[in-house]
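Breakdown of the fold
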Amino acid sequence: MMLDKLLGLFQMPHDASVHGWRIDSLIQITNTFILIMFGVVVAWIAISMLFHGRKHKAEYDTGDGRKQMIKAACLSVLIFGVVDGNLFASGMADLNDVFWDFDRAEASPNVVRVQVNAHQWAWDFRQAGADGAFNTADDIVSLNELRVPVGAPVVFQIGATDVLHSLSFPNMRVKQDAVPGTITRLWFQAKETGAFDIACAQHCGTHHYKMRGKLFVMPMAEYRDWATEASKLGQRGNDPEDHGAMWGWNWEKARP
Amino acid sequence: MTAATSPVDRTHLHRNGTALLGMMMFMASWAMLFSALFFAYFLVRQKALQWPPEDLPTLPVMLPGLATALLALSSAALQRGLNRIRGGLTGAAMNVGGATILGAAFLICQVVLWQQLVGAGLVPASGTYASIFYTFTVFHALHVLIGVGALMVLTVSAARGRFKAESHIPLRLWTLYWHMVGVIWGLMFVTLFLL
Amino acid sequence: MDLQPIHPPPTSFLRRYVFSTDHKVIARQFLWAGLFLLAFGGILAMLIRWQWAFPGQKVPVLGQIVLSRSDGKLTPASYNAVFTMHGLIMIFWAITPILIGSFGNLIIPLQIGARDMAFPTLNMLSFWVFIVSTIVLVMSFFVQLGSASAGWTTYPPLATQVGTPGHGQTMVVAALFLVGVATIMGAINYVTTVIRFRAPGMTYMRMPLAVWGLWLTSILNILFVPVLGAAGLLLILDRVFGTQFFISGAAAVRGGGDPILFQHLFWIFGHPEVYILILPAWGIVADLVSFFGRKPAYWYKGSVYAMCAVTILSAVVYGHHMFTTGMNPMLGKAFMILTLLISAPAELLFLNWLHTIWKGSLRLTTPMLFTLGVVFVFALGGLTGLYLATISTDLYLHDTMFVVGHFHLTMAAASFLASFAGIHFWFPKLFGRRMNETLGKIHFWLSISLITIVFCGQLAVGYAGAPRRMWDPHQYPFLANLAWLNQWTSYFAFALGAAQLIFVVNFVRNAIARPNAEPNPWQVGTLEWTLSSPPPVHNFDVIPTVVRGPHVLSHPEVQRTLGRDWISQTEDLPGGSV
Ligand code: HEA
Ligand code: HEA
Ligand code: CUA
Ligand SMILES: [Cu+2]
């Protein structure tokens, strides 16, 4: 069918996160709602154009009879209640249960914490090394590449040095602005392994389009091995003179 | 106001009312502009680590206090002039002229204040505290400057007897403007120097 | 007794055509200026679409002329300037002057029965300040490092010297401040005129809805454009005098300021601004569906209340542009519910328009087609707002092309088409002629279909996750498969651009030809149609007395007594009850 084909143009990227379905299904619900409403509007206009044209005799109707007013008002309140009410309830639940519930994410025993420093035009990522503390010699630091385990909440604290950026994980359905002078937060939990894109979603200057990163979601055991190794490497490569390398911060202090 | 009977009077009154309404709109608009500046002040201050920063010179209170008094007096003088004209009395030019001089004196106080502070090392680029201070005072002073210019012209007009009890709309509008500039200064004085 | 004396028309050329205080002349001036800048913004749009289709390749034709320094290609830096200036020009220098500057000037005095604006000189100044702002804007293209490139939202720190050195960005912010001053001058005039100069009998509830729309828009302009002024002022200070309002991070002194502060100020203005652009369009739609449906506007008062509700609500929803800035969760949720709330009055308006055409006797003239087109695209545009209003779906869609699709459907389609509806409808009062209906209809059908396709193309790539403001989105592996979609969108966009030439021909030919239109070609009852086309300098020889609302169409009693389906707002109906 034609309509199917057209709607088929609307494809989201693969959902690789445990909670992404919430957003996808809410988008689906909204799709349904607006297609119905848009359909009604289009049909209404089309019927009027076809059948209530010049030849049709206009019916004098000011629409301000008591009953009519109540009907129109009720109808719009009804549409509002059903559509917006639904969106509001689901949206609130999504935020409260998942996307803005950082406490639960952080309380998880195998949570992975990442600090991010966004700058023109690259991402610095930092994970605490073997000592579990940020901004120490054994931190795992990487540029534009981020490795996280599957099935564990990954919590980010995000900062920026120069201008605004936005850390976006299209396959995880979430994004969060990076604001100089402030630390913002984000979390997701991957449900499958693989390599995914990291995008910068906020206009940040000439090479905004180039500010790409790569997210590698690994099996837990593999990730553990990698992290241990990377921490050691970090320790070895650490140059105590290079103060710029210590751009991280104390995790707990930055928690609101 | 006197009851208007002749058509000419009606037209005239109507025109005055229109001008007054337009002035109100303008003032509402400008009040929003200044509200936005105050909004900026509150957000910036809330975010600041220290307010006022310890390593910067502290703002004096006496000099701006004096300036505040001058501006308040100026407003009062202008209002008095307007009242005189409305009551059909003479001598309004003295009031308006006085208001002008007081306004100019306010400006002198501000210039002295800026000189002192720049000398002490507070420049616009010394962080948000200084940014707010200079933006508020300079932007406000520009409004005072415009006001003083207008009041000078009004003084001449008043001295020439241009304003009558029933026709003095420029004076009326500028008085409103002047009061608004005064009130805004009052708020600025409190936020910048006292809080 | 006459509150608005008739002045003799000016005789010198300058006073008549250049520095005229006649609202009708100023309306034409704004229209010409706005259309030229619309064409300018449209050309920039074509460059944007070229870039989305063929990133980094030589731009045919245009490239040789405007991009000769970079071998006919758009560099990433120039692309940023192109979309920034496209957005700014379209909003502030094209749609605003046409929809508000031109229509506001033309129809407010004519439809409420006034001889001119309340402050004619201020009105003239408003136009000339607008021109000065345009000059500053255009000059910014010629300074070193080029024009503004921080996006139309000019978010700092990118918009400070940290991100965009050079004078271009400063000049554009200054131009924005000036155009704001011009807008406020106009708005003060409109609001005052409506309050003070309504003809006897023209109560608020007898005003055409177009006047309502313009009036509410002007109130929003008066109150919220100054907030943009403040934001621009602080930004200029940061750029030129080294203040620290929006600087933060590495370049900050003593902790620095707050980049988010700018976003607050910008959107406190920016959200009302989008309703500023749509309210006049709504008003025009509400009137025209009635005029060409030959039926009264369904529940007139309901529409008025709904528009008022939107006006009020528009001031308290701005936070929905900042859901991902890390705002306080409570605040975010409050903004979500308030934003959703705004769709209730919008729904009522839709119901009223749709009821108005239902069981009517539709005359599908060009203005009516454009009007129905507005209803069509705005339904889609408004409804896509729902995805963005819900925070959790906005987490995915924010700053993608989906947002771009949403606002093109609302403003670049709805307000844009409403401009054409208005131009066609009031052309007799503007230039004393009617535009060619056949050309108009061809232009309409091409525009509506192409616009829908182009902007749905934007929605689709946004749905797939494509971030906006991308010089080359296809470098992202997950977007590489969208290249064909973007190319097709662009082909349709070029066709859309070409289709506008039909309008240019139709418009220019009729605007310069000799007036020949009848006073009331559309057979409607509002006051401007009681006058000749174009109206005389002082509009009304005698200020009319209004006895009924604007939409008395197909009233049985009128039909019986007068033998026609319309009656003027001033006409006496012998023994009648309407
Ligand atoms: C004319 C301009 C205009 C209008 C009218 C609107 C209208 C609305 N907008 Fe839009 N918006 C913009 C212009 C506009 N917008 C712009 C320019 C931006 C982005 C700026 C930028 O970032 O660059 C933006 C961005 C924007 C965002 C931020 C997105 C983001 O950055 O992530 C949001 C979020 O809530 C939003 C929501 C809404 C809502 C809820 C409405 C509502 O008012 C819509 C109400 C209408 C309806 C709900 C439809 C009507 C109802 C029906 C059709 C039903 C009838 C049905 C029957 C009778 C059966 N808009
Ligand atoms: C009302 C405002 C408006 C209008 C009308 C348009 C019109 C169009 N816009 Fe634009 N657009 C914006 C406002 C508008 N836009 C804004 C605010 C942005 C965001 C900028 C930012 O991110 O900072 C944007 C961004 C934007 C982008 C995203 C860029 C990016 O993020 O990378 C794209 C891409 O497709 C686009 C395309 C188009 C197209 C194809 C049209 C077409 O509809 C254009 C067709 C029109 C013409 C070709 C003009 C025809 C001329 C006439 C009819 C005049 C006749 C003249 C005489 C008689 C003298 N626009
Ligand atoms: Cu960083 Cu865009
Ligand atoms: Cu908005």
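Below: a short report on this structure.

**A closer look at the coordination of the copper ion (ligand 4)**
All names here are of chain C. Taken together, the protein donors to the copper ion (ligand 4) comprise His271 (ND1), His320 (NE2) and His321 (NE2), at separations of 1.8 to 2.1 Å. Here the donor residues of the copper ion (ligand 4) share one chain and are spaced in sequence as H-x48-H-H. The metal-metal distance between the copper ion (ligand 4) and the iron atom of ligand 1 is 4.6 Å. A relative accessible area of 22% places His321 in the partly exposed class.

**Re the site of ligand 2**
Residues and elements named next belong to chain C. Around ligand 2, the structure places 37 residues, and the nearest of them are Arg49, Tyr79, His86, His408 and Arg469. With respect to ligand 2, the side chain of His408 contributes an N or O atom lying 2.7 Å from a nitrogen atom. Elements represented by at least two residues in the shell around ligand 2 include exactly helix H2 (23–53), helix H4 (76–112), helix H14 (401–431), helix H15 (437–463) and helix H16 (483–512). It is H2 that provides the largest number of residues to the shell around ligand 2, a total of 10 residues. Looking at side-chain class alone, the shell around ligand 2 contains 26 nonpolar, 8 polar and 3 charged residues.

**Observations concerning the packing of aromatic side chains**
One pass over the full model with this rule turns up 75 aromatic pairs over all chains. Taking 5.3 Å as the distance between ring centres and 65 degrees as the angle between the ring planes, the aromatic pair formed by C:Tyr79 and C:Phe83 counts as edge-to-face. Of this pair, C:Tyr79 and C:Phe83 both sit in helix H4, 4 residues apart, roughly one helical turn. The buried category is assigned to C:Tyr79, whose relative accessible area is 1%. The class of C:Phe83 is buried, set by a relative accessible area of 9%. Ring plane angle 70 degrees and centroid distance 6.2 Å describe the contact between C:Phe92 and C:Trp93, whose orientation is recorded as edge-to-face. Across the pair, exposure class does not vary: C:Phe92 and C:Trp93 are buried alike. Among the aromatic residues, those joined into a cluster by ring pairs are C:Trp32, C:Phe36, C:Phe370, C:Phe416, C:Phe420, C:Phe427, C:Phe431, C:Phe444, C:Trp445, C:Phe503 and C:Phe507. Above the plane of the ring of A:Trp247 lies A:Arg126, whose end atom (NZ or CZ) is 4.5 Å from the centre. Above the ring of C:Trp566, the side-chain terminus of C:Arg564 is found at 4.3 Å from the ring centroid.

**Looking at the sheet that holds strand S10 (residues 213–218) of chain A**
Residues and elements named next belong to chain A. The strand order across the open sheet built from 5 strands is S4-S10-S9-S6-S7, with neighbouring strands paired in mixed fashion. The outermost strands of the open sheet, each flanked by one partner alone, are strand S4 (145–149) and strand S7 (174–178). On average, each strand axis in the sheet is tilted by 25 degrees relative to the strand beside it, whichever way the strands run. Of the strand pairs in this sheet, strand S6 (residues 165–169) and strand S9 (residues 194–200) are connected by 2 bridges, and their pairing is antiparallel. Residue Leu167 lies in a different strand from S9, and its bridge partner there is Cys200. Where helix H5 (residues 220–237) meets the sheet, it contacts S4 and S10, and its direction lies at approximately 130 degrees from that of S4.

Quick notes on the rules
- Residues numbered from 1 in each chain as written.
- Chains lettered and ligands numbered in written order.
- Predicted model: local features only at pLDDT ≥ 70, side-chain atom pairs only at ≥ 80, totals over all residues.
- Heavy atoms only, no water.
- Donors = N, O, S within 2.8 Å, 3.2 Å for Na, K, Ca; no water.
- Buried < 20%, exposed > 50% of the residue type's maximum accessible area, 1.4 Å probe, protein only.
- Near = heavy atom within 4 Å.
- Polar contact = N/O pair within 3.5 Å; in protein donor to acceptor, adjacent residues only side chain to side chain.
- Helix = DSSP H or I, 4+ residues; strand = E, 2+ residues; numbered from the N terminus.
- Nonpolar A, V, L, I, M, F, W, Y, C, P; charged D, E, K, R; others polar.
- Phe/Tyr/Trp six-rings, centres within 6.5 Å; stacked < 30°, edge-to-face > 60°.
- Lys NZ or Arg CZ within 6 Å of the ring centre and 35° of its normal.
- Pairing = 2+ DSSP bridges.
- Axes fitted to C-alpha atoms, helices over the stretch in contact; angles between N-to-C directions.
- Contact = heavy atoms within 4.5 Å.

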